[in-house]
Amino acid sequence: MIKNNLIIYLAILIFGLAAPFVFPAFKVQLSILCILIILAITWNVQGGEMGYNTFGNILFYGLGMYLCASVQVGMFFPLGEWTEGGGEKTFVHTPAQFFQGFAFGLAVAAIVPAIVAGLIGYSILGLRGHYFAICTLGLGVAAGEISGGIEIIGAGQGFTTPPFPNVDRLEARGEFFYFCSFIVLIFTFLAVKAIYSTRFKLVLNAIRDNEDKAEAMGIQTMKYKIIGWMISAFFCGLAGGIMGGLVGYIDSTDVAFDGREMGVFMVLMAILGGKGTLWGPVIGATLFHIFKEGFWTFFLGWQYVALGVLIVVIVIYFPEGIMGWLREKYPERFGEVVDEADRKAQVQLK
Amino acid sequence: MDFLIFQVPMLTLQAVLDGLLLGILFALIAYGMALQWGVMNIINIAQGDLVILGGYIAYFMYLYGIHPAWGVIVSPIIMYFVGVVIYKLVINKVVDRDLFISILATFGISILFMQLMNFAFGADVVLANSGYGTTMLFDNSVTLPNSKIFSAFISIVFAIGLVVYMKKSKLGRAIRATAQNARAAKILGVDTEKVYAATFGINAALCGVAGALISITFTIHPYMGLPYTIRSFMIVIVAGLGNLPGVAMSGMGLGVFEEFADYILGTEFRIGSVFLLLVLILVYRRFKLSRKREYLK
């Protein structure tokens, strides 16, 4: 079993490393896929394992995006003049400045959202169920509307992130962002996998199944909820920072705090793949991205119609997701012991 | 404070009056929200999009030369059937499920509606001109468009009409019985499926009225739905389910708050302040309840 897993991991690693050279035309798509998988995995920590269905992780994603770009610019040039218009033409980052700024920006983009999550966590995570969902939805939209009114980060006209410095290779930009997102993806996956093998995951599951009882058992649920949210925020911020550099242009409501697209996508991907599993979000995000890109390419203009229908269909007919379906079908593979007589009895009952 | 609004008392009065008239409209939408939440236990994110759709019906009547005020009659009738169709297609599958499922499913409907309206009506901000003129008060220092007064009046008429209907009619009684205990109502011979469909239809019809009035008094745009949903959600959680005077009061309070936020913070922060207020209210209630070791249910 362990050997099999190792082969799968190695295959994915090799595919990931070779992909930008084998499919050079799809580099940007593959980078976005990595970002989507990160977002789905981090949403799953909340929605799947902890049972706190959030629409608010988009807050950390957007925050990370703005912070990364602001730090990258602000380290070397006045931020106000940059965003006021045309700054990106007068100030040019040297390659060293660009990479240095990006590295610092990513660090800030990961740490600050985690701190923000920790600060607001105590207030917000005291809400439960749908109140939490609506509250976080409000939080995400409010962040978008408010950042659209702040002058220094470009307000309504948007924020152009530093253009990639002129190096000799034409392919360098795509490869750089692809490997950034791929490395962060591996980092996220391994971190979440490690977390899921500890007691921490069991605590989160206990909170999901019955928070009052978990509390009665002596678990400080609030502490665990906040830590869980901070972990999500950390990786969401990283993903946002990379996405900002990749897109090259940040708009408050259409790119950064895009609750209508990214904010729903991450929920949808996790549900499509299967909530509360490690591999579910990965599979869900991959399938969703393939479907989305196909649809976006061939039926341009109808994509939101398709998205709306897709949400309704997935939510109503596949609330358990692909992993849930597989689990129903092949419970032995998931390490569940099935009593044959019991199963037959259940089939007969149906 | 050097805000203009506090130096000129007439401007304050203007903001309060505007807010009250606007708030009555919000309360009407929130009433529909409270109705379906109480009866069917679903939260409808597409509420705002139903409002906008109702507004477009009135706008189209205006385009074809009919006075948009007739939209107040026509729009709810059409919207009732739209609501029933939505119920039959989607909502009846999520009624007994987890609330988050209903939130997500209606979010899907919301996105679908937004884009379909964008195709059908274009992405322009439109309004139906009623030609009602304006009323000047206090030596021309306070202006009130007559359309706003008209819309507030119509909202009150519809709200009172619905209250009476819920109290007196057979369907109204069935709806209230289902809200109290769906199982018991079923045992006593109430066709709950029909009741649910009718409830959602009535909710959509209320949204249609509100939308028609909004298209007369303000502007409509395909993507403007979500703020109306959030407003009505906020009003309902402040007032509580089934507390009708509370819905009216908190609706008007929200209207006044928005007008003041508009003057003090600037128009670009108007929607943002609404969403932030929602978060603050929820957090306030959470802390208040946590003293008794309870939480919002």
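In this report, we go over the structure that sits alongside the text. (Residues numbered from 1 in each chain as written. Chains lettered and ligands numbered in written order. Predicted model: local features only at pLDDT ≥ 70, side-chain atom pairs only at ≥ 80, totals over all residues.)

## Topic: the overall build of chain B
So, point 1. When you go through chain B residue by residue, the secondary structure sums to twelve helices and two strands.
So, point 2. Starting at the N terminus, the α and β elements of chain B follow one another as α-α-α-α-α-β-β-α-α-α-α-α-α-α.
So, point 3. The principal-axis extent of the C-alpha atoms belonging to chain B is close to 65 × 55 × 35 Å.
So, point 4. Across the 297 residues in chain B, those meeting the buried criterion constitute 49%.
So, point 5. Across chain B, contacts joining residues at least 24 apart in sequence account for 75% of those joining residues at least 6 apart. (Helix = DSSP H or I, 4+ residues; strand = E, 2+ residues; numbered from the N terminus. Buried ≥ 20, exposed ≤ 12 C-beta atoms within 10 Å, placed from the backbone. Contact = placed C-beta atoms within 7 Å.)

## Overview of the overall build of chain A
So, point 1. Each helix and strand counted, chain A has 17 helices and two strands in total.
So, point 2. A globule of 350 residues ought to have a C-alpha radius of gyration of about 20 Å, and chain A, at 21 Å, matches this closely.
So, point 3. Overall size of chain A, expressed as C-alpha extent along the three principal axes, is 75 × 45 × 40 Å.
So, point 4. A total of 350 residues make up chain A; the buried ones form 47% of that total.
So, point 5. A separation of at least 24 residues holds for 81% of the contacts in chain A among residues at least 6 apart in sequence. (Rg over C-alpha atoms; globule rule 2.2 N^0.38 Å.)

## Regarding helix α11 (residues 244–265) of chain B
Residue and element names in this part refer to chain B.
So, point 1. Spanning 22 residues, α11 covers 31 Å between terminal C-alpha atoms, matching the ideal 32 Å at 1.5 Å per step.
So, point 2. Listing the buried residues of α11 in full gives Val247, Ala248, Ser250, Gly251, Met252, Leu254, Gly255, Glu258, Glu259 and Ala261.
So, point 3. Elements in contact with the buried residues of α11: α2 (9–40), α10 (225–239) and α12 (270–290).
So, point 4. Count one or two residues on from α11 and you reach Gly266, which has phi positive near 110 degrees. (Expected span 1.5 Å × (residues − 1).)

## Some points on helix α3 (residues 57–74) of chain A
So, point 1. Taking 1.5 Å of rise per residue, 18 residues should cover 26 Å, and α3(A) covers 25 Å from first to last C-alpha, within 8% of that figure.
So, point 2. Burial analysis of α3(A) places 17 of its 18 residues in the buried class, which makes it a mostly covered element.

## Brief notes about the interface of chain B and chain A
So, point 1. Every contact between the two is made by 35 residues of chain B and, on the other side, 33 residues of chain A.
So, point 2. Breaking the side of chain B that touches chain A down by element, the ones donating at least two residues are α4 (71–94), α5 (99–121), α10 and α12 of chain B.
So, point 3. Element by element, the count of residues in the side of chain B that touches chain A is highest for α5(B), at 14 residues.
So, point 4. Here the side of chain B that touches chain A is built from residues that sort into 28 nonpolar, four polar and three charged. (Nonpolar A, V, L, I, M, F, W, Y, C, P; charged D, E, K, R; others polar.)

## Considerations on the packing of helix α2 (residues 27–50) of chain A against helix α11 (residues 221–247) of chain A
All names here are of chain A.
So, point 1. One can describe the packing of α2 onto α11 by two numbers: an axis separation of 10 Å at closest approach and a directional angle of 165 degrees. The orientation of α2 relative to α11 falls into the category roughly antiparallel. Crossing hand, α2 versus α11: left-handed. Along the contact surface, α2 presents Val28, Ser31, Ile35, Ile38, Leu39, Thr42, Val45, Gln46 and Met50, while α11 presents Lys225, Gly228, Trp229, Ile231, Ser232, Phe235, Cys236, Ala239, Ile242, Met243 and Leu246.
So, point 2. Here the residues of the contact of α2 with α11 are counted per class, giving 14 nonpolar, five polar and one charged. (Axes fitted to C-alpha atoms, helices over the stretch in contact; angles between N-to-C directions. Parallel < 35°, antiparallel > 145°, perpendicular 65-115°, else oblique. Left-handed = near helix turned anticlockwise from the far one by under 90°.)

## Considering the packing of α11(B) against α12(B)
All names here are of chain B.
So, point 1. The contact between α11 and α12 brings their axes to 9 Å, and the two run at 130 degrees. Here α12 runs oblique to α11, going by the angle between their axes. Like other packed secondary-structure pairs, α11 and α12 cross with a definite hand, here right-handed. Each of Phe257, Glu258, Ala261, Asp262 and Leu265 in α11 lies in contact with α12, whose residues at this interface are Arg270, Ser273, Val274 and Leu277.
So, point 2. A per-class count over the contact of α11 with α12 returns five nonpolar, one polar and three charged.

## Side note on the nonpolar core
So, point 1. Judged by nonpolar contacts, the single largest core of 195 residues is most densely connected at A:Leu39, A:Ala239, A:Ile311 and B:Ile29.
So, point 2. Setting aside residues no more than four positions away along its own chain, A:Ile311 makes contact with A:Val264, A:Leu268, B:Leu104, B:Phe107, B:Gly108 and B:Ile111. (Core = buried A, V, L, I, M, F, W, Y, C linked by C-beta atoms within 7 Å.)

## Comments concerning unusual backbone geometry
Both trends apply: most residues other than glycine have a negative phi, and most peptide bonds are in trans.
All names here are of chain B.
So, point 1. One non-glycine residue, Asn41, adopts positive backbone phi at about 60 degrees.
So, point 2. As for its placement among the helices and strands, Asn41 is situated in the loop between α2 and α3 (47–63).
So, point 3. According to the C-beta neighbour criterion, Asn41 is partly exposed, with 17 such atoms within 10 Å.

## So, the environment of A:Gly276
All names here are of chain A.
So, point 1. Along the chain, Gly276 turns up in the loop between α13 (262–273) and α14 (280–298).
So, point 2. Looking at Gly276, the number of C-beta atoms within 10 Å reads 22, which means it is buried.
So, point 3. Counting along the chain gives 71 residues from Gly276 to Asn205, while the straight-line C-alpha distance between them is 8.7 Å.
So, point 4. Once you skip the residues sitting within four places of it in the chain, Gly276 turns out to touch Gly48 and Glu49.

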